[in-house]
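A closer look at the structure
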Amino acid sequence: MLARAEAQPAGRGGLTADLFSAFGIGAHGAAELPAAPLTLLSDGGSPGGGYCLRADPVHLRVGQDRVVLTGAGPVRREEAAALCGEIGRHLADSDLAHAVVPEAPDPARWYLRLPQAPAVDFTPLDMVLGQDIRPHLPQGEDARAWRRLLNEIQMLLHASEVNQHRKARGEAEINSVWFWGGGTLPAAGRHALLRCGANIRSHAGSP
């Protein structure tokens, strides 16, 4: 199959955008691709009609002049539950007090629900893996608040007992989350949505 294939450059939205296109779900730009509600649906959750955002657990490797995003390795279900609870308690005292406690139907994929879309653009996770995060940090009118929240969550995770235990076991710390894939559920057939969500989940959302 590979020998007969023709290579095509990925679109500017990366693999996530290509998967949306393959399943006939249109969007005007990477920032508008609602991966979160699709993968939540595929994970067995109910996104409803509200705005849903991925907040995936990741590991940041700090270098001399770069902060590189990598996968945190396997995340245990009890670790995801504990860390989501800690983040949820922090959100209760933040500007995002209206956000619910993060959900983790799968330990590798965490979700936030918001009453409305924030005025900010997020970069799909598959476009940041192995890269310096600084060019990919949230952009837009609300970017300052989301960057501040990201820093606060990083400090919270650094101090968590969950990460102290992971470090003692020689495992990569879950020292950050990555916000991406925000949106509402597209108006498409449920079968296509489930297939698209499963593909995004498998290929673009599990660092």
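Analysis parameters
Residues numbered from 1 in each chain as written. Predicted model: local features only at pLDDT ≥ 70, side-chain atom pairs only at ≥ 80, totals over all residues. Heavy atoms only, no water. Salt bridge = Lys/Arg side-chain N within 4 Å of Asp/Glu carboxyl O. Helix = DSSP H or I, 4+ residues; strand = E, 2+ residues; numbered from the N terminus. Buried < 20%, exposed > 50% of the residue type's maximum accessible area, 1.4 Å probe, protein only. Core = buried A, V, L, I, M, F, W, Y, C linked by side-chain atoms within 4.5 Å. Axes fitted to C-alpha atoms, helices over the stretch in contact; angles between N-to-C directions. Parallel < 35°, antiparallel > 145°, perpendicular 65-115°, else oblique. Contact = heavy atoms within 4.5 Å. Nonpolar A, V, L, I, M, F, W, Y, C, P; charged D, E, K, R; others polar.

1. Thoughts on the pattern of salt bridges
One pass over the structure, following the stated rule, counts eleven salt bridges. Salt-bridge contacts for Arg109 lead to Asp43; the nearest nitrogen and oxygen are separated by 2.9 Å. With Arg109 in strand E4 (residues 109–114) and Asp43 in the loop between helix H2 (35–42) and strand E1 (51–62), the pair connects residues that are 66 residues apart, well separated along the chain. Of the two residues, Arg109 and Asp43, neither departs from the other in class, the shared state being buried. Here Arg169 makes a salt bridge to Glu171, at a shortest N to O gap of 3.3 Å. The class of Arg169 is partly exposed, set by a relative accessible area of 43%. With a relative accessible area of 24%, Glu171 lands in the partly exposed category. Salt bridges sharing partners connect three or more residues here, namely Arg76, Glu79, Arg166, Arg169 and Glu171.

2. So, the nonpolar core
Proteins that are soluble and globular tend to have nonpolar side chains buried together. Within the largest apolar cluster, 35 residues are counted, with the highest numbers of intra-cluster contacts made by Leu69, Trp110, Trp146, Val177, Trp178 and Phe179. Going through the elements one at a time, E1, helix H3 (77–91), E4, helix H4 (143–159) and strand E5 (176–183) are the ones with two or more residues in this core. Of the residues forming this core, the biggest block, six residues, is contributed by H4.

3. What about the packing of H4 against helix H5 (residues 161–168)?
Axis separation between H4 and H5 bottoms out at 5 Å; the angle between their running directions is 60°. Relative to H5, the element H4 is oriented oblique. Together, Leu157, His158 and Ala159 of H4 and Glu161, Asn163 and Gln164 of H5 make up the contact between the two elements. Looking at the contact of H4 with H5, its residues break down into two nonpolar, three polar and one charged.

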